[in-house]
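# Close look at the chain arrangement
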Amino acid sequence: MDKLGVFGCALDPDERELSIKRKIKHISENRKIKHSTPYGAMSELIGMLGLNFEKKGEMEVETWLKPFPDRSDLVFMTVPNFVSFIDTGGCREYAERIYQFTKKSIFPATPFLVGVDHSLTGGVLKALSEKYGKEDLGLVVIDSHFDGISLPVRCDMILYADENSDSPTDIGHDHYLWSRNDSYNTESFIKFLIKEGIVLPKNVICAGVSNYPSEKMFGFNDPRVKRYLAEFLEAEDQGLTIITKDNLIKDPSILRKAFEKLDLKKVYVSIDMDIGANASCEGVRFADGYIGMSPKEILKIADDIKEFFTDKDAIVGLDLMEIDMHTVNELTYTLGLKIIDKIFKN
């Protein structure tokens with residue numbers, strides 16, 4: 001494998017009110033922080049692994065969209081501003097910047113992106129798809145969520161779940177859930193990559209998924225639930241493989257069988273750190289109350305990736321995404337390092 005070109009992008013346009021309040025709190029307290037971006041922390045630690053890599057730097061992000069905005073950005077810290085950014089194509093624009101950055105500043109090295117918003121992965125995939133061709137490029141996503149669901153559909157499902165829960169909280173008034181556009185973003189980017197022909201659905205594996213509909217949901221008549229179910233079924237009908245967390249824990253060999261079926265010489269591995277949320281690590285966005293996988297279970301996945309792809313010199317890029325800089329701690333970084341070490345250890 002070529003030398004790893006490690007680079008970062010700290011785009012963090014989380015439109016939820018709690019996230020925005022944390023940023024406002026940081027601005028008001030003016031706290032000193034050791035690392036303000038995932039790349040800043042991980043690029044130092046990766047050197048401990050003895051890998052053949054080169055630090056390629058970070059792609060610039062507007063300060064109001066970073067995990068820790070400047071004091072002058074206080075006026076932008078509102079739900080409508082972040083919603084507008086996402087719904088008018090802001091995540092798409094940054095993915096395009098990552099695409100250009102990968103071509104101009106990373107190649108011929110193997111791209112290794114460390115960042116926040118998972119939608120940035122699409123930019124690296126686009127560059128690799130052009131380089132190797134979509135027929136020969138596979139995508140393996142390790143993630144607690146299936147990031148191929150339209151934003152309006154997902155928001156409707158959140159509202160439905162809230163209406164039918166015993167929780168005393170009322171999220172129905174939250175601005176970020178209403179009248180959303182079907183935009184390219186962290187929750188939908190896989191759907192767009194397939195629709196635009198950047199990757200073929202038969203070459204995509206999403207493993208560790210916790211938000212796959214339960215059997216009971218298939219009997220519900222609410223149109224919001226039916227739309228949610230339809231998006232999963234459509235993806236699978238196209239040939240995309242979704243492996244749920246529960247099935248993967250019950251039968252770890254299911255992932256190996258999916259890898260054998262993939263049988264490609266070029267594979268991109270994308271790891272959303274929420275795969276360990278509330279079980280192996282903190283410091284990830286969109287934990288959602290899901291219980292992720294244990295360190296042992298996650299590192300078994302990394303072992304399988306090494307056996308099927310690293311040892312065959314098939315990995316052409318990878319990333320670690322969705323690191324929450326407001327709650328990240330040593331456990332998060334340690335797990336990330338162990339994953340990388342497992343995948344690339346000689």
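Thresholds, definitions, all that
Residues numbered from 1 in each chain as written. Predicted model: local features only at pLDDT ≥ 70, side-chain atom pairs only at ≥ 80, totals over all residues. Heavy atoms only, no water. Helix = DSSP H or I, 4+ residues; strand = E, 2+ residues; numbered from the N terminus. Rg over C-alpha atoms; globule rule 2.2 N^0.38 Å. Buried < 20%, exposed > 50% of the residue type's maximum accessible area, 1.4 Å probe, protein only. Areas by Shrake-Rupley, 256 points an atom, 1.4 Å probe, with all protein chains shown as cover. Lys, Arg positive; Asp, Glu negative; His and termini not counted. Charge placed at Lys NZ, Arg CZ, Asp CG, Glu CD. Phe/Tyr/Trp six-rings, centres within 6.5 Å; stacked < 30°, edge-to-face > 60°. Pairing = 2+ DSSP bridges. Right-handed = clockwise from strand over helix to strand, strands pointing away. Core = buried A, V, L, I, M, F, W, Y, C linked by side-chain atoms within 4.5 Å. Contact = heavy atoms within 4.5 Å. 1 Å grid on protein atoms, 1.4 Å probe; cavity = no way out; pocket = protein on both sides within 12 Å on 5 of 7 lines; lining within 4 Å. Points joined across faces, edges and corners; volume = space filled by probe spheres on them. Nonpolar A, V, L, I, M, F, W, Y, C, P; charged D, E, K, R; others polar. Axes fitted to C-alpha atoms, helices over the stretch in contact; angles between N-to-C directions. Salt bridge = Lys/Arg side-chain N within 4 Å of Asp/Glu carboxyl O. Polar contact = N/O pair within 3.5 Å; in protein donor to acceptor, adjacent residues only side chain to side chain.

In this section: the overall build of the chain. Helices and strands together make up the secondary structure of the chain, namely 12 helices and 8 strands. A compact globule built from 346 residues would reach a C-alpha radius of gyration of about 20 Å, and the chain, at 19 Å, matches this within 12%. Reported as C-alpha extents along the three principal axes, the dimensions of the chain are approximately 50 × 50 × 35 Å. Classification of the 346 residues of the chain by burial places 56% in the buried group. Carbon and sulfur atoms make up 51% of the accessible area of the chain, which totals about 15,000 Å². Looking at the chain, you have 44 positive and 56 negative side-chain charges, and the mean spots of the two groups are 4 Å apart.

Overall, the coordinates contain 12 aromatic pairs when judged by the stated rule. When the centroid spacing of 6.0 Å and the interplanar angle of 85° are considered together, the rings of Trp 64 and Phe 85 count as edge-to-face. Of this pair, Trp 64 sits in the loop between strand 2 (53-58) and helix 3 (79-87) while Phe 85 is found in helix 3, placing the two residues 21 residues apart along the sequence. Judged on exposure class, the residue Trp 64 and its partner Phe 85 are both buried. Each ring, one from Tyr 228 and one from Phe 232, has its centre 5.1 Å from the other, and the planes form 70°; the classification is edge-to-face. Placement of the pair is Tyr 228 and Phe 232 together in helix 8 (residues 223-237), with a separation of 4 residues, close to one helical turn. You can call Tyr 228 buried: its relative accessible area is 7%. Put simply, the rings of Trp 64, Phe 76, Phe 82, Phe 85 and Tyr 94 touch in pairs and so form one group of aromatic residues.

This part takes up the pairing of strand 8 (residues 315-321). A large share of strand 8 lies buried, amounting to 7 of its 7 residues. With 6 bridges joining them, strand 7 (residues 266-272) and strand 8 adopt parallel strand pairing. Following the sheet pairing, Tyr 268 is matched in strand 8 by Gly 317. For the segment spanning strand 7, helix 11 (residues 295-310) and strand 8, crossover handedness is right-handed.

Okay, the nonpolar core next. Membership of the largest hydrophobic core comes to 64 residues, with the highest contact counts inside it found for Phe 146 and Leu 240. Among all residues touching Leu 240, those that are not within four sequence positions of it are Phe 146, Ile 190, Ile 194, Pro 201, Lys 202, Val 204, Cys 206 and Ala 235. Core analysis: the next-biggest nonpolar cluster, separate from the first, contains 51 residues, Leu 51, Leu 248, Ile 323 and Ile 343 among them.

What follows is about the layout of surface pockets. The space that makes up the largest pocket amounts to roughly 1,200 Å³. Taken together, 46 residues form the lining of the largest pocket, with Arg 16, Ile 158, Tyr 176, Phe 286 and Asp 288 sitting closest to its centre. For the lining of the largest pocket, the secondary structure elements donating two or more residues are helix 1 (17-29) and helix 6 (151-163). It is helix 6 that provides the largest number of residues to the lining of the largest pocket, a total of 7 residues. Its residues assigned to classes, the lining of the largest pocket comprises 19 nonpolar, 8 polar and 19 charged.

Read across the open sheet, the 8 strands follow the order 2-1-3-8-7-4-5-6; overall the sheet is parallel. Single-partner strands in this sheet number two, and they are strand 2 and strand 6 (241-244). Each strand axis lies, on average, 15° off the axis of its neighbour in the sheet, ignoring direction. Relative to strand 3 (residues 110-115), strand 1 (residues 4-9) runs parallel, the two being bridged by 6 bridges. Paired with Leu 4 across the bridge in strand 3 is Thr 110. Here helix 5 (residues 121-132) sits on the sheet and contacts strand 1, strand 3, strand 4 (137-142), strand 7 and strand 8; the angle it forms with strand 7, its principal contact strand, is near 175°. Helix 10 (residues 253-262) rests against strand 4, strand 5 (204-209), strand 6 and strand 7 of the sheet, and its axis sits at about 170° to strand 5.

Attention now goes to the side chain of Lys 245. With respect to the helices and strands, Lys 245 occurs in helix 9 (residues 245-250). For the buried residue Lys 245, which engages in no salt bridge, the nearest side chain bearing the opposite charge is Asp 246, 4.0 Å off. In terms of polar contacts, Lys 245 uses its side chain to reach the backbone carbonyl oxygen of Ile 291, at 2.6 Å. Apart from residues lying up to four places away in sequence, Lys 245 is in contact with Gly 208, Val 209, Ser 210, Ile 291, Gly 292 and Met 293.

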